[in-house]
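# Examining the three-dimensional arrangement
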Amino acid sequence: MVRIITIASGKGGVGKTTITANLGIALSQQNQRVLVVDSDVAMANLSLLLGMQSSPITLHDVLLGESNVHDAIYEGPGGIHFIPSGLSIESYRRVDPERLEAVIREVADSYDFVLLDAPAGIEKSVMASLAAADEILLITMPNSPSVADVLKTKIVAQRIGSNPIGVILNFLRGEKGEISDEDIMKMLELPIYGMIPYDPEVRKSFMQENVAPVIIRKPESPASVAINKMAAKLSGVSVEMQPVKKKKEGFFARLFGFFKRKKKADAEEIKKETE
Ligand SMILES: Nc1ncnc2c1ncn2[C@@H]1O[C@H](COP(=O)(O)OP(=O)(O)OP(=O)(O)O)[C@@H](O)[C@H]1O
Ligand SMILES: [Mg+2]
């Protein structure tokens, strides 16, 4: 049975595209049939990361009803299949993101995993990316603005009937002041699916002459190892909630209290926005 998973965040730039590409390749290397979809219809970056920006037929053409989805599927690096988004602003303006779910369902059954790279925020195209999946993996950095925004994405996803299954922490540097994984689990009420360290090798993916995701270029680098671990959890072992140790009331415990109080108000606000 296929698992359709959208990789989403609240804030931009937290690593959705990076994780989607590398996780897709890692799953494929673990003998899973994987389709990776660039559902960021406005700011398509995934094809750049995969070195496939010249693919002639894109998701834009499919969402415009001008091409068949099967013609927009390409063979990508590491054995993945890939649907690129379009780079044209003009066609972006005309696409109807609400058709995404039907498009994905049309091809999903040929795969074990379909991974969608969502845009940031909670705009219409984000909603469409969330609605197209059964499961949502949320990405956040270990700081309060990033966690606060991903909480909104979680609430929106639940409201439209998708199931947030866990959270991926990215850009971990082990610095003082980072919110701990335990506190993030408590705030978001979700298990941690992956903990990806800050890794300069990841950033180099766009900077090489031959662009390639880190998992192919440097499979032994810390981020690649963490992503492979996450892929193994997804493709096999079921993920257990990590034990939460008791901590004395500090800044983050107080922040957590704030989140709990804000949650209801936020849910109400988002409900209004999305109606
Ligand atoms: N673990 C990491 N270590 C170092 N750099 C990283 C890591 N994860 C992502 N990056 C870098 O951070 C930048 C933003 O990543 P990415 O484009 O994947 O984020 P995004 O969430 O998809 O952004 P957007 O919201 O704009 O779509 C990229 O330059 C990427 O190489
Ligand atoms: Mg992106």
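As a starting point, this report considers the structure included with it.

Cut-offs applied
Residues numbered from 1 in each chain as written. Chains lettered and ligands numbered in written order. Predicted model: local features only at pLDDT ≥ 70, side-chain atom pairs only at ≥ 80, totals over all residues. Heavy atoms only, no water. Helix = DSSP H or I, 4+ residues; strand = E, 2+ residues; numbered from the N terminus. Buried < 20%, exposed > 50% of the residue type's maximum accessible area, 1.4 Å probe, protein only. Areas by Shrake-Rupley, 256 points an atom, 1.4 Å probe, with all protein chains shown as cover. Near = heavy atom within 4 Å. Polar contact = N/O pair within 3.5 Å; in protein donor to acceptor, adjacent residues only side chain to side chain. Nonpolar A, V, L, I, M, F, W, Y, C, P; charged D, E, K, R; others polar. Phe/Tyr/Trp six-rings, centres within 6.5 Å; stacked < 30°, edge-to-face > 60°. Lys NZ or Arg CZ within 6 Å of the ring centre and 35° of its normal. Contact = heavy atoms within 4.5 Å. Salt bridge = Lys/Arg side-chain N within 4 Å of Asp/Glu carboxyl O. Arc of directions from axis to C-beta.

## Observations concerning the overall build of the chain
Summing up its helical and strand segments, the chain has 12 helices and eight strands in all. Considering the chain as a whole, with its 275 residues, one finds that 52% of them fall into the buried category. Approximately 12800 Å² of the chain is accessible, and the part contributed by carbon and sulfur atoms is 51%.

## Overview of unusual backbone geometry
A positive phi angle is found at asparagine 31, which is not glycine, with a value near 65°. Considering the arrangement of structural elements, one finds asparagine 31 in the loop between helix 1 (16-29) and strand 2 (34-38). For asparagine 31, a relative accessible area of 69% corresponds to the exposed category. Residue glutamate 189 is not a glycine yet carries a positive backbone phi of 55°. Position of glutamate 189 relative to the elements: it lies in the loop between helix 8 (181-188) and strand 8 (192-197).

## Examining the site of ligand 1
Ligand 1 sits among 16 residues. The nearest are Lys16, Thr17, Thr18, Asn170 and Asp199. Contacts to ligand 1 include valine 14, whose backbone N or O atom sits 3.1 Å from an oxygen atom. Alone, ligand 1 offers 640 Å² of accessible surface; in the complex the protein occludes 86% of this. When contributions to the shell around ligand 1 are tallied by element, the ones reaching two or more residues are helix 1, strand 7 (163-172) and helix 9 (200-203). When residues in the shell around ligand 1 are grouped by element, the largest group, three residues, is from helix 1. Classifying every residue of the shell around ligand 1 gives six nonpolar, six polar and four charged.

## Topic: the packing of aromatic side chains
For the structure on display, the rule yields one aromatic pair. Seen from the ring of tyrosine 198, arginine 173 lies directly overhead, with NZ or CZ sitting 3.9 Å from the centre.

## Regarding helix 6 (residues 124-131)
Think of an α-helix as turning once every 3.6 residues; residues three or four places apart then point the same way. With six of its eight residues buried, helix 6 lies for the most part within the structure. Along helix 6, the residues classified as buried are Ser125, Val126, Met127, Ala128, Ser129 and Leu130.

## Things to note about the environment of lysine 16
Tracing the backbone through its elements, the reader meets lysine 16 in helix 1. Placed 104 residues apart in sequence, lysine 16 and alanine 120 show a C-alpha to C-alpha distance of 8.6 Å. Sequence-distant contacts of lysine 16, defined by excluding residues within four places in its chain, comprise Ile7, Ala8, Ser9, Lys11, Asp117, Ala118, Pro119, Ala120 and Ile139.

## Quick look at the pattern of salt bridges
Applying the stated criterion across every chain, the model contains nine salt bridges. Between aspartate 112 and arginine 33 there is a salt bridge, with its nearest N and O atoms 3.1 Å apart. Taken as a pair, aspartate 112 in the loop between helix 5 (100-108) and strand 5 (113-117) and arginine 33 in the loop between helix 1 and strand 2 lie far apart in primary sequence, 79 residues in all. Of the residues examined, arginine 33 reaches a relative accessible area of 44% and is grouped as partly exposed. Where glutamate 201 meets lysine 204, a salt bridge forms, and the shortest distance between an N and an O atom there is 3.0 Å. The buried category is assigned to glutamate 201, whose relative accessible area is 15%. Where salt bridges share partners, they join Glu101, Arg105 and Asp134 into one cluster.

## Focus: helix 5
Those residues of helix 5 that fall on the buried side of the exposure criterion are Leu100, Val103, Ile104, Val107 and Ala108. Here the buried residues of helix 5 occupy an arc of 125° about the axis, which is enough to place them on one side. Turned more than 90 degrees off the buried face of helix 5, the exposed positions are Ala102 and Glu106. Next to the buried residues of helix 5 lie strand 1 (3-8), strand 2, helix 3 (59-63), strand 5 and helix 6.

## So, the environment of glutamate 178
Mapped onto the elements of the fold, glutamate 178 is located in the loop between strand 7 and helix 8. Considered as a pair, glutamate 178 and proline 142 are 36 residues apart in the sequence and their alpha carbons are 5.3 Å apart. Polar side-chain contacts of glutamate 178 include one of 3.2 Å to the backbone nitrogen of glycine 174.

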